[in-house]
Amino acid sequence: MLSHSSYMLTAVAALLVTCHALCKCPGIPELPSVPGLPGKDGLKGQPHLPDSLDAELHNVLVNLKHRLSRLEGVLALNGKIREVGDKILASNGKEVDFASALESCEEAGGTLATPMNEEENNAILGIVKQYNRYAYLGIKEGENSGQFKYINGAPLNYTKWHQYEPNGKGTEKCVEMYTDGSWNDKKCDLYCLTICEF
Ligand code: MMA
Ligand code: CA
């Protein structure tokens with residue numbers, strides 16, 4: 001019979017293995033193998049967990065969710081994050097060129113804020129207004145001038161161009177958000193606020 005603490009250890013290990021299987025966790029190293037505990041493929045093909053372990057895992061998950069939501073509440077209260085749909089938005093308050101802004105976001109495990117609809121655009125706008133600074137978006141012009149795309153190369157499915165924009169005709173390959181939420185194509189080597197999404 002396993003002791004209570006062994007069950008807890010097994011529950012937490014199983015949870016971590018499950019989390020690692022479900023998500024890519026930037027900055028979090030691969031789990032070391034623990035003798036006596038299942039490896040990262042060890043839960044596959046196992047039809048059920050024992051009821052007690054299942055209940056324990058459920059409990060751990062409920063508590064983690066509760067703790068995370070309280071932490072998110074604290075960060076939101078302090079104006080450090082904004083949540084929109086499944087995205088979390090945050091800025092480091094720094095104004096840098098496009099490449100540096102993207103690098104900071106990726107280093108933190110995210111990417112540049114990329115509005116995919118009006119609701120997301122408004123959430124990013126909230127941060128632009130908070131700092132009263134234009135911000136680079138996660139959008140770039142492709143090789144063919146006039147063709148703006150998401151950083152991952154996918155075509156845009158939502159746009160909010162300011163009147164008469166984009167007007168750079170291949171000379172302004174990045175995009176900034178104005179303090180009214182509209183977009184302007186802009187040179188990539190200027191200084192704009194860094195806003196990331198996670
Ligand atoms: C600047 C620059 C452009 C923008 C125009 C709008 C003069 O250039 O920000 O990207 O389109 O202003 O007047
Ligand atoms: Ca422009």
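You'll find the structure just up there.
Below or above, wherever it landed, is the structure these notes cover.

Moving on, we come to the site of ligand 1. Surrounding ligand 1, one finds Glu 165, Asn 167, Glu 172, Asn 184, Asp 185 and Lys 186. Contacts to ligand 1 include Glu 172, whose side-chain N or O atom sits 2.5 Å from an oxygen atom. Alone, ligand 1 offers 330 Å² of accessible surface; in the complex the protein occludes 47% of this. When grouped by side-chain class, the residues that make up the shell around ligand 1 number no nonpolar, two polar and four charged.

Okay, the packing of aromatic side chains next. Ring pairs (aromatic) are described by centroid distance and by the angle formed between their planes. All chains considered together, the criterion is met by five aromatic pairs. Their ring planes at 75° and their centres at 5.8 Å tell us that Tyr 158 and Trp 183 sit as a pair that is edge-to-face. Residue Tyr 158 is found in the loop between strand 5 (148–150) and strand 6 (174–177), and its partner Trp 183 is found in strand 7 (residues 183–186); the two are separated by 25 residues along the sequence. One exposure class covers both Tyr 158 and Trp 183, and it is buried. On the accessibility criterion, Trp 183 (0% relative accessible area) is buried. Members of the aromatic cluster, joined through ring pairs, are Phe 148, Tyr 158, Trp 161 and Trp 183.

Relative to the helices and strands, Val 96 resides in strand 2 (residues 87–96). With residues near it in sequence (within four places) discarded, Val 96 still touches Ala 101, Tyr 136, Leu 190, Tyr 191, Cys 192 and Thr 194.

Following Glu 165, the chain continues into Pro 166 via a peptide bond in cis, with omega recorded as -5°. Tracing the chain through its elements places Pro 166 in the loop between strand 5 and strand 6. At Asn 132, a position not held by glycine, the phi torsion is positive, near 50°. One non-glycine residue, Tyr 164, lies in positive phi territory at about 70°. Relative to the helices and strands, Tyr 164 is located in the loop between strand 5 and strand 6. Residue Tyr 164 is classed as exposed on the basis of its relative accessible area, which comes to 70%.

Moving on, we come to the coordination of the calcium ion (ligand 2). Coordination of the calcium ion (ligand 2) by the protein comes from Glu 165 (OE), Asn 167 (OD1), Glu 172 (OE), Asn 184 (OD1), Asp 185 (O) and Asp 185 (OD), over a distance range of 2.2 to 2.6 Å. A relative accessible area of 39% places Asn 167 in the partly exposed class.

Before going further, it helps to examine helix 4 (residues 118–131). Along its 14 residues, helix 4 runs 20 Å from first to last C-alpha, staying within 8% of the 20 Å computed at 1.5 Å per residue. Along helix 4, the positions that sit buried rather than exposed are Glu 120, Asn 121, Ala 123, Ile 124, Leu 125, Gly 126, Ile 127 and Val 128. The positive-phi residue at the C-terminal boundary of helix 4 is Asn 132, with phi of around 50°.

A word on the pairing of strand 8 (residues 192–197). Most of strand 8 sits out of view: six of its six residues are buried. Examined bridge by bridge, strand 2 and strand 8 share five bridges and lie antiparallel to one another. Residue pairing for strand 8: Val 96 is matched across the bridge by Cys 192. As paired strands, strand 3 (residues 111–112) and strand 8 are joined by two bridges and run antiparallel to one another. Bridging across to strand 8, Leu 112 finds its partner in Cys 196.

Any two side chains of opposite charge can pair, so long as their charged atoms come close to each other. One pass over the structure, following the stated rule, counts six salt bridges. Between Arg 133 and Glu 95 there is a salt bridge, with the nearest N and O atoms lying 3.3 Å from each other. Here Arg 133, found in the loop between helix 4 and strand 4 (135–141), pairs with Glu 95, found in strand 2; they are 38 residues apart in sequence, far enough to count as distant. Residue classification places Arg 133 among the partly exposed positions, given a relative accessible area of 38%. In this structure, Lys 160 and Glu 118 form a salt bridge, with 2.8 Å as the shortest nitrogen-oxygen distance.

Calculation notes
- Here, residues in each chain are numbered from 1, in the same order as that chain's written sequence.
- Each chain is given a letter, starting from A, and each ligand a number, starting from 1, according to the order in which they appear as written.
- Selection of residues for local features in this predicted model requires a pLDDT of at least 70, selection of side-chain atom pairs for listing and counting requires 80 or more, and totals for whole chains, interfaces and linings are taken over all residues.
- Think of the side-chain values as coming from all heavy atoms in the structure, minus any hydrogens and water.
- We define proximity as follows: a residue is near a molecule or strand when any one of its heavy atoms falls within 4 Å of that partner.
- N or O atoms closer than or at 3.5 Å make up a polar contact, with two conditions inside protein: a donor-capable atom paired with an acceptor-capable one, and, for residues adjacent in sequence, both atoms drawn from side chains.
- All accessibility values rest on the Shrake-Rupley procedure with a 1.4 Å probe; residue burial counts only the protein chains present in the view.
- Classification convention: Asp, Glu, Lys, Arg as charged; Ala, Val, Leu, Ile, Met, Phe, Trp, Tyr, Cys, Pro as nonpolar; all other residues, Gly among them, as polar.
- What counts as a ring pair is set by centres within 6.5 Å for rings of Phe, Tyr and Trp (its six-membered ring), and what kind of pair is set by the plane angle: stacked under 30 degrees, edge-to-face over 60, tilted for all other angles.
- Only DSSP runs of H or I with at least four residues qualify as helices, and only runs of E with at least two residues qualify as strands; both kinds are numbered from the N terminus onward.
- Burial here depends on accessible area, computed with a 1.4 Å probe over protein chains only, as a share of the maximum for the residue type. Under 20% is buried, over 50% is exposed, and the range in between is partly exposed.
- Residues are treated as being in contact if the distance between any of their heavy atoms lies within 4.5 Å.
- Because no water is among the atoms considered, metal sites can look incomplete, with donors defined as N, O and S atoms within 2.8 Å of the metal, or 3.2 Å for Na, K and Ca.
- The span you would expect from a helix comes to 1.5 Å times its residue count less one.
- A strand pair is defined by DSSP finding two or more bridges across the two strands.
- Definition used for salt bridges: Asp or Glu carboxyl oxygen within 4 Å of a side-chain nitrogen of Lys or Arg.

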